[in-house]
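Structure at a glance
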Amino acid sequence: MKLLRVWPACLLLLTVVSCSKGPEPKDKALEAKVEKLLSQMTLEEKIGQMNQISSFGNIEDMSVIIKKGEIGSILNEVDPLRVNALQRVAVEESRLGIPLLIARDVIHGFKTIFPIPLGQAASFNPEVAEEGARVAAIEASSVGVRWTFAPMIDIARDPRWGRIAEGCGEDTYLTSVMGAAMVRGFQGDSLSDPTSIAACPKHFVGYGAAEGGRDYNSTFIPERLMRNVYLPPFEAAARAGAATYMTSFNDNDGIPSTGNAFILKEVLRKEWGFDGIVVTDWASATEMISHGFAADPKEAALRSVNAGVDMEMVSYSFVRNLPELIKEGKVKQSTIDDAVRNILRIKFRLGLFDNPYLDEKKPSVLYAESHLAAAKKAAVESAILLKNDNHTLPLTSKVKTVAIVGPLADAPYEQMGTWVFDGEKAHTQTPLHAIREMYGDRVQVIYEPGLAYSRDKNTTNIIKAAAAAARADVVLAFVGEESILSGEAHCLADLNLVGAQSELIAAVAKTGKPVVTVVMAGRPLTIGKEVDLSAAVLYNFHPGTMGGPAIADLLFGAAVPSGKTPVTFPKMVGQIPMYYAHNNTGRPAARTETLIDDIPVEAGQTSLGNTSFYLDAGFDPLFPFGYGLSYTTFEYSNIQLSSATLNKNDVLAVTFDLQNTGTYPATEIVQLYIQDKVGSVTRPVKELKRFTRVALEPGEKKAVTLELPVSELAFYNIDMIKTVEPGDFGLWVAGDSQTGEELVFKVID
Ligand code: BGC
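Residues numbered from 1 in each chain as written. Predicted model: local features only at pLDDT ≥ 70, side-chain atom pairs only at ≥ 80, totals over all residues. Heavy atoms only, no water.

**Focus on the state of the cysteines**
By definition, a disulfide links the sulfur atoms of two cysteine residues through a covalent bond. Summed over all chains, the structure comprises zero disulfides. Counting only cysteine sulfurs, Cys-200 is the nearest neighbor of Cys-168, a cysteine outside any disulfide, at a range of 15 Å. Owing to a relative accessible area of 0%, Cys-168 belongs among the buried residues under this scheme. (Disulfide = S-S within 2.5 Å. Buried < 20%, exposed > 50% of the residue type's maximum accessible area, 1.4 Å probe, protein only.)

**Some points on the sheet that holds strand β25 (residues 743-748)**
Taken in spatial order, the five strands line up as β17-β25-β24-β19-β20 in an open sheet, and their pairing is mixed. With partners counted over all chains shown, the strands left at the sheet margins are β17 (645-647) and β20 (687-696), one partner each. In this sheet, adjacent strand axes meet at a mean angle of 25° when their direction is disregarded. One ladder, built from six bridges, connects strand β19 (residues 666-676) with strand β24 (residues 727-734); its direction is antiparallel. Bridging across to β24, Asp-676 finds its partner in Phe-729. (Pairing = 2+ DSSP bridges. Helix = DSSP H or I, 4+ residues; strand = E, 2+ residues; numbered from the N terminus. Axes fitted to C-alpha atoms, helices over the stretch in contact; angles between N-to-C directions.)

**Looking at the sheet that holds strand β11 (residues 401-405)**
Pairing in this open sheet of six strands is mixed, and the strands run β10-β15-β14-β13-β11-β12 from one edge to the other. The sheet is open, and its two edges are formed by β10 (384-388) and β12 (444-447), each paired on a single side. The sheet shows a mean angle of 20° between the axes of neighbouring strands, taken without regard to direction. Of the strand pairs in this sheet, β11 and strand β13 (residues 474-480) are connected by four bridges, and their pairing is parallel. The partner of Ala-403 across the bridge, within β13, is Val-475. With respect to the sheet, helix α19 (residues 462-471) is in contact with β11, β12 and β13, its orientation differing from that of β11 by roughly 165°. Those strands touched by helix α20 (residues 501-510) are β11, β13 and β14 (515-521), and its axis lies near 175° from that of β13. (Contact = heavy atoms within 4.5 Å.)

**Considerations on the packing of helix α13 (residues 297-307) against helix α14 (residues 317-327)**
Each pair of packed helices gets described by two things: the angle between the helix axes and the distance between those axes. At a minimum axis distance of 9 Å, the contact between α13 and α14 shows a crossing angle of 80°. Compared by their axis directions, α13 and α14 come out roughly perpendicular. Here Pro-297, Lys-298, Ala-301, Leu-302, Ser-304 and Val-305 of α13 come into contact with α14, specifically with Ser-317, Phe-318, Asn-321, Leu-322, Glu-324 and Leu-325. A per-class count over the contact of α13 with α14 returns seven nonpolar, three polar and two charged. (Parallel < 35°, antiparallel > 145°, perpendicular 65-115°, else oblique. Nonpolar A, V, L, I, M, F, W, Y, C, P; charged D, E, K, R; others polar.)

**What to know about the domain arrangement of the chain**
Assigned domains of the chain: these are domain 1 (45-349) and domain 2 (634-748). On a C-alpha basis, the centroid separation for the pair domain 1 and domain 2 is 35 Å. Listed as interface residues are 13 residues of domain 1 and, on the opposing side, 15 residues of domain 2. Summed over both sides, the interface of domain 1 with domain 2 buries roughly 1,200 Å², with 62% coming from carbon and sulfur. On the domain 1 side of the interface with domain 2, the three residues burying the most area are Phe-124, Tyr-173 and Arg-224, jointly 54% of the side's total. Elements that contribute at least two residues to the side of domain 1 that touches domain 2 include exactly α8 (172-187) and α9 (223-230). Top element by residues in the side of domain 1 that touches domain 2 is α9. It accounts for four residues. When its residues are assigned to classes, the side of domain 1 that touches domain 2 shows six nonpolar, three polar and four charged. (Domains from an automatic or database assignment. Buried area = accessible area lost by both parts, 1.4 Å probe.)

Below, the structure written as structure tokens:
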């Protein structure tokens, strides 16, 4: 099956902006249908459309309210027979026959589970994201789901936050590209295609900046930072045609997003021209009472609706209070009409009026071969090789016996990761299973997990794992996090390996056998100690259904790692927040600083100098953003700029040669970073502006060109105007955010 559309030419130029199609242009005939229907609706029916409930009880219970037109959308209903039955009530038994919109959190796959979004981001491959979303849409729509609450495109710079797993990491540009690709994948060529599902970029906005990395916590993102860092992925999603948006739980600078008219009306509607549905997060309207932003559900409804929310998820404050609020003149009739227009417009665009029912007899598309193949490819491209001393990987024919240890080697549920409501562990292929199945004729496998699950502190069986290690040529240690340890509300204050996993690694390393540590986790973990003890480290953000075969192929060399870190790996939790695109201090670290163990006793106050670093952790992370090794090596040479002086309307062409200098065919993720040297406000030390994947045979050299319109150097300046400021820029082309020779260019007026 062909999953992807042909890539638009603009993608070859690797630009997000030019390849976006924008909100669907207003279709006059469709708008006329919206107006006609709206004119026939009672106030109660209008308010009913603004009400989303979670599926409950039996069909009869729900039918009562559906018949009365009190519901616009239902979430968490995935039984196709029930979906059809409920839809039949709405279409055939309610007065106006308005179809329901069935929603579900399909975050990284419906049945066929792809790597968690953070893993997909590590592929730096928008095709992976688009294809993953397309597969998810095909599977979910086959049971009646036509709306997903994804992509999650919150910029997250704090790995303590459990929801870092659900997004694309710390970088604005990477998240913009991957998020837009997901929107395209979910929504397909046209929303009206029955395999399309409406996307819902979330959480709008700033949720990832929760103070202390604790979920739901307050954020403080001033407008400039909001516009330069947090909003662009949402704007890219709007340009990709996202049909809906979800408000976030957090209050930013004292204003909960669900009551934030500036964000919802000024930015989303006016600046970006969005004409779809804005839905609250789960009860985020009435949670404004706990925030202290509304006194009661009535005020919560008032503040949400007047701020620009169209639909309320599960907390019923709209249906219960809007009639009175209108009577009192506190909410205008026109506000309600606008909200209902937005809802009906998307229902029409989805083709629900023409085609409300599922074909119950259609053959199942769940876990289709092509879906599993796409999930495997995604898992391969998402894996990051963090260390590979002495060419430990891939395992050669000299390796006759492997000891497989660790609680994640055969944990099908855990490797699926967070936000999996519909994936099944029975369909998930684990590394243990895959290695036995695919490579059992090449190596003898001794399996001794040592620990039963990641948090297991019972060290009794570690001795067995060590004994297995002693009998093997190589140890494959599968460690990490169970899926419950990341995701919503699952934050951690300590990012070391949980349970006795560190002891397990130490015990197997003590045998002197080379240890290959394979991590499966929902976030970057502080694994410096384990990295030191391992000969090789392969990091996988929870890889999903096909994680096992993907990892097996990577370990045995049938596939070559290409993933890069989409987020900085700190050495210690105390370094957080840590991200590559930070601003400079007035006293940047010189990287020759004296660290704690080298400070003389009674050292003089100023004898260490005065620069910005931690005495105990230094300045550098464990692994920087954009980092990842391969089984081969790459050489960048002959990097040239089309011009050293450019006008604001020019396009900078960066050309260079990239050579595979090793012995494996492999793919390098090339990254282009810039620095705006002096601005009307301080600018980040580096910003990713382009990336591309380049596949090379051993010895092969390719000339690569990356094009960057100067207009993409624009940022919100001291006057809060988005502009390119003339001046000097640095530019790097490299395999990660910390290497590469700096080139310079100048932008003139
Ligand atoms: C989450 C959203 C999710 C919603 C519906 C909320 O708790 O924050 O991301 O889409 O629930 O399940």
